[in-house]
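Below are the chains, spelled out letter by letter.
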Amino acid sequence: MSVPLLQVRDLVKHYPGAASWLGRKRPTIQAVDGVSFDVERGETLALVGESGCGKTTTGKSILRLIEPTSGSVKLDGEDIARLDAAAMRERRRDMQIIFQDPYASLNPRMTAGAIVEEPMRNFSSAQGHGAAARAERVAWLFSKVGLRPEAMKKFPHEFSGGQRQRLGIARALALRPKLIVCDEPVSALDVSVQAQVINLLTDLQREFGIAYLFVAHDLAVVRHISHRVAVMYLGQVVELADRQTLFSRPRHPYTEILLSAVPVPNPHVHSQRILLRGDPPSPANPPSGCRFHTRCPLAQDICKKERPVLSPRSPDGAGADGSAAAATQWVACHFR
Ligand SMILES: Nc1ncnc2c1ncn2[C@@H]1O[C@H](COP(=O)(O)OP(=O)(O)O)[C@@H](O)[C@H]1O
Ligand SMILES: [Mg+2]
């Protein structure tokens, strides 16, 4: 069996918190605390959870746009956490990121054409192409993301939100990446435009075999694009399953609650929306044991004391069976 494209193991990112005015010890913000998952070639893994649960930190740590505190990230089996700056720069060609607000990441003084060409210029030696070949590729990329050739001469502020996201996608595609981290790429767009951008991403995946780590705060958005889904709560993955299993047989109580908020396509079926109790706890002072216990309807004494490990469940519903290879569902819960 070939090695997965991306292997994330025990990823941790702790930020130093602000010092309090009493001069006490600075708290540590445990933004990401022991996250593990794989992304296979050409697949979409969705990373879902409430705002502040650590999705962006996970995505940026994988690309080393921020330095992880500990853990390993392997791309094609190579541990990129250990690469020096020059080697990492070279590796970053294979991994790109697109953001929720493309406007913030597009240089307002550059034309759209120059924005898409820029990554190719930076890697011109490796690319082995001159200006003419680059211009040709820029035009081709514009057509691939559904932007008209005239758009190359425009500036970012002249685009609509959806067009700007297409521009961000074209730039991300420029170096033929194997993986794109999509950080809430449609969250800021109108619903009708959301569907167009998601369809575009799906088409590009089919054509080029790109893998996506697709970050979103709600499950409705990832329903149509993901092959598998990882659900995060307060810096940890609480459930990981293929899409079909996750949407039809969620196991973790938190996943159930998130799912209950997803609109049901069939108007004759009324889902019971379950409300989350209380506010999310602070990652500077996370609850002991299972981090979800303060809001969980199933919580018992053990949940306050022991952290449940993300472990495989057998498909027949018989609970953990120990055979990780066959499992399609991984859950971190003492009771599920
Ligand atoms: N640079 C930073 N310094 C301190 N805390 C941070 C920093 N970036 C993010 N955080 C905190 O880490 C947690 C996770 O943030 P983030 O990864 O942005 O979550 P998400 O993308 O899921 O909304 C939040 O509590 C956030 O306030
Ligand atoms: Mg985020």
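- If you look the chain up in an unreviewed UniProt entry, it shows as Peptide ABC transporter substrate-binding protein from Achromobacter aloeverae.
- The Sequence similarities (unreviewed entry) field of the UniProt record for the chain holds the comment "Belongs to the ABC transporter superfamily."

Side note on empty space enclosed by the protein
1) Next: Under the definition given, this model contains two cavities of 30 Å³ or more.
2) Next: Considering only enclosed or pocket space, the largest cavity measures out at about 80 Å³ in volume.
3) Next: As for the largest cavity, its lining consists of 13 residues, of which Cys290, Cys296, Cys303, Cys333 and His334 are closest to the centre.
4) Next: Among the residues making up the lining of the largest cavity, the classes are represented as ten nonpolar, three polar and no charged.
5) Next: If you trace the second largest cavity, you find it lined by Ile97, Ile98, Phe99, Pro102, Ser105, Gln165, Gly168 and Arg171.
6) Next: Counting residues per element, the ones that place at least two in the lining of the second largest cavity are strand 6 (95-98), helix 3 (102-105) and helix 7 (161-173).
7) Next: Ranked by residues supplied to the lining of the second largest cavity, first place goes to helix 7 with three residues.
8) Next: When its residues are assigned to classes, the lining of the second largest cavity shows four nonpolar, three polar and one charged.

So, the sheet that holds strand 7 (residues 179-183)
1) Next: A sheet is described by the order of its strands in space; here eight strands give the open sequence 6-7-8-3-9-10-12-11, paired in mixed fashion. Edge positions in the sheet fall to strand 6 and strand 11 (311-313), since each of these pairs with one other strand and no more. Between one strand axis and the next, the sheet turns by 20° as a mean value, whatever way the strands run.
2) Next: Relative to strand 8 (residues 211-216), strand 3 (residues 44-48) is paired through five bridges, and the arrangement is parallel. Bridge assignment links Val48 to a residue of strand 8, and that residue is Ala216.
3) Next: Helix 7 contacts strand 6 and strand 7 of the sheet and is inclined by roughly 170° relative to strand 6.
4) Next: With respect to the sheet, helix 11 (residues 253-260) is in contact with strand 3, strand 9 (228-233) and strand 10 (236-242), its orientation differing from that of strand 9 by roughly 105°.

Here we look at helix 7
What sets the pattern is the α-helix's 3.6 residues per turn: residues three or four places apart point alike.
1) Next: Given a rise of 1.5 Å per residue, 13 residues ought to cover 18 Å, and the 18 Å separating the end C-alpha atoms of helix 7 matches this to within 8%.
2) Next: Most of helix 7 is tucked away, with ten of its 13 residues classed as buried.
3) Next: Of all the residues in helix 7, the buried ones are Gly162, Arg164, Gln165, Arg166, Leu167, Gly168, Ile169, Ala170, Ala172 and Leu173.
4) Next: Where the residues of helix 7 are buried, they touch strand 6, helix 3, helix 4 (112-122), helix 6 (131-144), strand 7 and helix 8 (191-208).

Examining the side chain of Arg91
1) Next: Position of Arg91 relative to the elements: it lies in helix 2 (residues 85-91).
2) Next: With a relative accessible area of 14%, Arg91 lands in the buried category.
3) Next: Within the local environment of Arg91, its side chain forms a polar contact with the backbone oxygen of Leu75, the two atoms lying 3.2 Å apart.
4) Next: A polar atom in the side chain of Arg91 sits 2.5 Å from the side chain of Asp94.
5) Next: Once you skip the residues sitting within four places of it in the chain, Arg91 turns out to touch Leu75, Asp76, Glu78, Ile80, Leu83 and Lys178.

What about the site of ligand 1?
1) Next: Around ligand 1, the structure places Tyr15, Ile29, Ala31, Glu50, Ser51, Gly52, Cys53, Gly54, Lys55, Thr56, Thr57 and Pro283.
2) Next: In the model, a nitrogen atom of ligand 1 is placed 3.5 Å from a nitrogen or oxygen of the Tyr15 side chain.
3) Next: With respect to ligand 1, the backbone of Gly54 contributes an N or O atom lying 3.0 Å from an oxygen atom.
4) Next: Burial of ligand 1 by the surrounding chains reaches 64%, relative to a free accessible area of 560 Å².
5) Next: For the shell around ligand 1, the elements supplying multiple residues, two or more each, are strand 2 (28-39) and helix 1 (55-62).
6) Next: When residues of the shell around ligand 1 are assigned to their parent elements, the largest contribution, three residues, is made by helix 1.
7) Next: The residue inventory of the shell around ligand 1, partitioned by class, reads five nonpolar, five polar and two charged.

Calculation criteria
- Residues numbered from 1 in each chain as written.
- Chains lettered and ligands numbered in written order.
- Predicted model: local features only at pLDDT ≥ 70, side-chain atom pairs only at ≥ 80, totals over all residues.
- Heavy atoms only, no water.
- UniProt positions renumbered as here; feature names shortened; annotations may be inferred.
- 1 Å grid on protein atoms, 1.4 Å probe; cavity = no way out; pocket = protein on both sides within 12 Å on 5 of 7 lines; lining within 4 Å.
- Points joined across faces, edges and corners; volume = space filled by probe spheres on them.
- Nonpolar A, V, L, I, M, F, W, Y, C, P; charged D, E, K, R; others polar.
- Helix = DSSP H or I, 4+ residues; strand = E, 2+ residues; numbered from the N terminus.
- Pairing = 2+ DSSP bridges.
- Axes fitted to C-alpha atoms, helices over the stretch in contact; angles between N-to-C directions.
- Contact = heavy atoms within 4.5 Å.
- Expected span 1.5 Å × (residues − 1).
- Buried < 20%, exposed > 50% of the residue type's maximum accessible area, 1.4 Å probe, protein only.
- Polar contact = N/O pair within 3.5 Å; in protein donor to acceptor, adjacent residues only side chain to side chain.
- Near = heavy atom within 4 Å.
- Areas by Shrake-Rupley, 256 points an atom, 1.4 Å probe, with all protein chains shown as cover.

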